[in-house]
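Okay, here's what each chain looks like letter by letter:
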Amino acid sequence: MSEYGFETDAIHAGQEPDPTTGAVVVPIYATSTYAQPAPGEHRGYEYSRTGNPTRTALATALSALEGAGDGGTIITSSGMAATTLVGTMLEPGDHVLLPNDAYGGTYRYFARVLTGHGIEVSSTDLTDPDRVSADIRPATKVVWVETPTNPLLRIADIGALADIAHDADALLAVDNTFATPYLQRPLALGADIVLHSATKYLGGHSDVVGGALVTGDPELLERLAFLENATGPTASPFDAWLVLRGLKTLAVRMERHCDNAEAVARWLADRDDVVEVFHPGLTSHPGHDTATAQMSGFGGMVSFRPDGGPDRAARLSAGTELFFLAESLGGVESLIEVPAAMTHLSVEGTDLEVPADLVRLSVGIERVDDLLTDLDRAFAASA
Ligand SMILES: *Cc1c(COP(=O)(O)O)cnc(C)c1O
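What you are looking at is a predicted structure, and each value in this text was computed from that prediction instead of being measured.

Conventions we followed
Residues numbered from 1 in each chain as written. Predicted model: local features only at pLDDT ≥ 70, side-chain atom pairs only at ≥ 80, totals over all residues. Heavy atoms only, no water. Helix = DSSP H or I, 4+ residues; strand = E, 2+ residues; numbered from the N terminus. Rg over C-alpha atoms; globule rule 2.2 N^0.38 Å. Buried < 20%, exposed > 50% of the residue type's maximum accessible area, 1.4 Å probe, protein only. Contact = heavy atoms within 4.5 Å. Areas by Shrake-Rupley, 256 points an atom, 1.4 Å probe, with all protein chains shown as cover. Lys, Arg positive; Asp, Glu negative; His and termini not counted. Charge placed at Lys NZ, Arg CZ, Asp CG, Glu CD. Pairing = 2+ DSSP bridges. Axes fitted to C-alpha atoms, helices over the stretch in contact; angles between N-to-C directions. Near = heavy atom within 4 Å. Polar contact = N/O pair within 3.5 Å; in protein donor to acceptor, adjacent residues only side chain to side chain. Nonpolar A, V, L, I, M, F, W, Y, C, P; charged D, E, K, R; others polar. Phe/Tyr/Trp six-rings, centres within 6.5 Å; stacked < 30°, edge-to-face > 60°. Lys NZ or Arg CZ within 6 Å of the ring centre and 35° of its normal. Left-handed = near helix turned anticlockwise from the far one by under 90°. Salt bridge = Lys/Arg side-chain N within 4 Å of Asp/Glu carboxyl O. Arc of directions from axis to C-beta. Core = buried A, V, L, I, M, F, W, Y, C linked by side-chain atoms within 4.5 Å. Domains from an automatic or database assignment.

**Q** Hey, could you run me through the overall build of the protein in this one?
**A** From N to C terminus, the protein includes 13 helices and twelve strands. Over its C-alpha trace the protein gives a radius of gyration of 21 Å, about what one expects of a compact globule, namely 21 Å for 383 residues. With respect to the principal axes defined by its C-alpha atoms, the protein has extents near 75 × 50 × 35 Å. By the burial criterion, 55% of the 383 residues in the protein qualify as buried. Within the protein, contacts between residues separated by at least 24 positions form 72% of all contacts whose residues are at least 6 apart in sequence. Carbon and sulfur atoms form 51% of the exposed surface of the protein, whose accessible area is close to 15800 Å². In the protein, which carries 24 positive and 53 negative side-chain charges, the distance between the mean positions of the two groups comes to 5 Å.

**Q** Just to check I follow, could you spell out the sheet that holds strand β4 (residues 140–146) for this structure?
**A** In a beta sheet, neighbouring strands pair by backbone hydrogen bonds and run either parallel or antiparallel. Strand order in the open sheet formed by seven strands is β1-β7-β6-β5-β4-β2-β3, with mixed pairing between adjacent strands. Taken across any chain shown, the strands that pair with only one partner, and hence form the sheet edges, are β1 (72–76) and β3 (120–124). The average angle at which neighbouring strand axes cross in this sheet is 20 degrees, direction not considered. Along the sheet, helix α3 (residues 79–87) makes contact with β1, β4, β6 (193–197) and β7 (211–215), crossing β6 at roughly 150 degrees. Across the sheet, helix α6 (residues 158–167) lies against β4 and β5 (171–175), angled at about 150 degrees from β5, the strand it touches most.

**Q** It is not clear to me how the site of the ligand should be interpreted in this structure. Could you clarify?
**A** Around the ligand sit 14 residues in total, of which Met80, Asp175, Ser197, Thr199 and Lys200 are the nearest. In the model, a nitrogen atom of the ligand is placed 2.6 Å from a nitrogen or oxygen of the aspartate 175 side chain. Serine 197 places a side-chain nitrogen or oxygen 2.8 Å from an oxygen atom of the ligand. Taking 380 Å² as the accessible area of the ligand by itself, protein coverage stands at 93%. Residue composition of the shell around the ligand, grouped by class: four nonpolar, seven polar and three charged.

**Q** Quick question: what am I supposed to make of the packing of aromatic side chains here?
**A** The description of an aromatic ring pair rests on the distance of the ring centres and on the angle between the ring planes. With the rule as written, the count across this model stands at seven aromatic pairs. An angle of 65 degrees between the planes, with centres 5.2 Å apart, marks the rings of tyrosine 109 and phenylalanine 110 as edge-to-face. Accessibility classification places tyrosine 109 together with phenylalanine 110 in one group, the buried group. Geometrically, the ring pair formed by phenylalanine 238 and tryptophan 241 is stacked, given 6.2 Å between the ring centres and 15 degrees between the ring planes. In this pair, phenylalanine 238 and tryptophan 241 are both assigned in helix α9 (residues 237–247), three residues apart and thus about one turn of the helix distant. Judged by relative accessible area, phenylalanine 238 falls into the partly exposed class, the value being 43%. Following the ring pairs from residue to residue traces out a cluster consisting of Tyr109, Phe110 and Trp144. Directly above the aromatic system of tyrosine 103 lies the positively charged group of lysine 200, at a separation of 5.1 Å from the ring centroid. Lying over the aromatic face of phenylalanine 379, arginine 271 brings its terminal NZ or CZ to 4.1 Å of the ring centre.

**Q** How should the packing of helix α2 (residues 53–66) against α9 be read in this particular structure?
**A** Between two packed helices, both the angle of their axes relative to each other and the distance between the axes serve to describe the pair. Where α2 contacts α9, the two axes come as close as 8 Å, and the packing angle between them is 35 degrees. Pair α2 / α9 crosses with left-handed handedness. The residues of α9 that touch α2, namely those facing Thr54, Arg55, Ala57, Leu58, Ala61, Leu62 and Leu65, are Pro237, Ala240, Trp241, Val243, Leu244 and Leu247.

**Q** It is not clear to me how the pattern of salt bridges should be interpreted in this structure. Could you clarify?
**A** Two side chains with opposite charge may pair up if their charged atoms get near one another. Across all of its chains, the model carries ten salt bridges by this definition. For lysine 141, the salt bridge identified is with aspartate 94, shortest N-O distance 3.0 Å. Of this pair, lysine 141 sits in strand β4 while aspartate 94 sits in the loop between α3 and β2 (95–99), and the two are 47 residues apart along the sequence. According to the relative accessible area criterion, lysine 141 is partly exposed, its value standing at 35%.

**Q** What am I meant to see in α6 here?
**A** Three or more residues of α6 are buried, namely Ile158, Leu161, Ala162, Ile164 and Ala165. Along α6, the residues classed as buried sweep out an arc of 165 degrees about the axis, all on the same side. Away from its buried face by more than 90 degrees, α6 exposes Asp163 and Asp167. Turning to α6, the residues buried within the fold contact α5 (129–135), β4, β5 and α11 (288–294). Capping of α6 at its N-terminal end is provided by aspartate 157; its side-chain oxygen lies 3.3 Å from the backbone amide nitrogen of glycine 159. Positive phi appears at aspartate 169, one or two residues downstream of α6, with a value of about 60 degrees.

**Q** Sorry if this is basic, but what is going on with the pairing of β1 here?
**A** As a general feature of sheets, a regular strand has side chains that alternate between the two faces. For β1, a buried count of five out of five residues is recorded, marking the element as mostly surrounded by other parts of the structure. Alternating positions in β1 separate into two faces, Gly72, Ile74 and Thr76 on one and Thr73 and Ile75 on the other, with burial throughout. Where β1 lies against β7, five bridges are found, and the strand directions are antiparallel. By the bridge assignment for β7, threonine 73 is matched with valine 214.

**Q** When you look at the nonpolar core in this model, what are you seeing that I'm missing?
**A** Within soluble globular proteins, side chains that are nonpolar generally end up buried alongside one another. In terms of nonpolar packing, the biggest core is built from 45 residues, with Leu58, Tyr182, Leu202, Leu244, Leu247 and Leu250 touching the most fellow members. Counting residues per element, the ones that place at least two in this core are α1 (6–12), α2, α7 (180–183), β7, α9 and α10 (250–269). Domain assignment of the residues forming this core places at least three in each of domain 1 (6–247) and domain 2 (251–382). In this structure leucine 250 touches Phe6, Thr180, Pro181, Tyr182, Tyr201 and Leu202, once residues within four positions along its chain are discounted.

Printed below as a string of structure tokens:
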């Protein structure tokens, strides 16, 4: 464990000045291979699919932030590449328990790719531990958790689910993309694997696609590192460098994301033309107490259903100026989208289907008054 605080580790862990030049920023080691003094006597790096110093720096930093202890981090080319790596641990006949509200691509991979390889998949309400106990099977190898979920911002009790999964000899994998380690540390709560889409808050500037798996278990790390080297979903040094640059400011960005999202959520909740607001910071949210217990803030995401149905949701989301109408989330700029028509199209007709009139906001770190004015205008224009 590092002796320093989160903000310090984000800037210093794995990021010592370059030993040859003293450069204070970890260089982009743009190399595919490494010269060896004698056959087999490498200096820790042989080939960049297997290892690269820029990627190592990012892995070391993220391990410190997630509290990986004796374990470590695998950096991948995307969040889905990280998900796929977990999938490659499974064998025909194994079962995966998924949330009934999750990132659409996660569901698509498990339900439409892995099932073709003989792996069984089912989904359940992870906010209800009794349901999870009932739906777990002898063949369950992985319980997959997202909390807060995308896009309904449901909250699952990570500690309770870790106990249930471990009683069944299954691994608990937590997609920590929405919370980031600044707000939530799943390994300390009992999770075996933490997954990130580094594309989102870790990178934080909407300029890179990346992913990561973090574990506190050295054996699991070795297995995942073997699978990464064997299958090749590695991130490029440049992409790892971009994520590392973003990571340095994660703490200050998350503070502002949380403040702005909470202000937007309250503002929406006060409006007569909003049917429902989803944000774990609202005391009316059913997961508010669990979120308060396991998170140190509620994150930058807010979803809501405007009065007027799917047509109003579509007009409203096309009518903002500062909130760009776009998929993805977690960047400094605010985004707005309609999940049913965009990010969550692939779960249409499944039990993960989301309300057609749902609007999802990724609240950025702009001046909050400007964001509220932007939304207010879009509400008026779409009425
Ligand atoms: C975006 C996202 C993913 C997938 O990550 P990519 O980097 O797009 O491959 C997984 N989980 C969540 C919660 C996400 O938002």
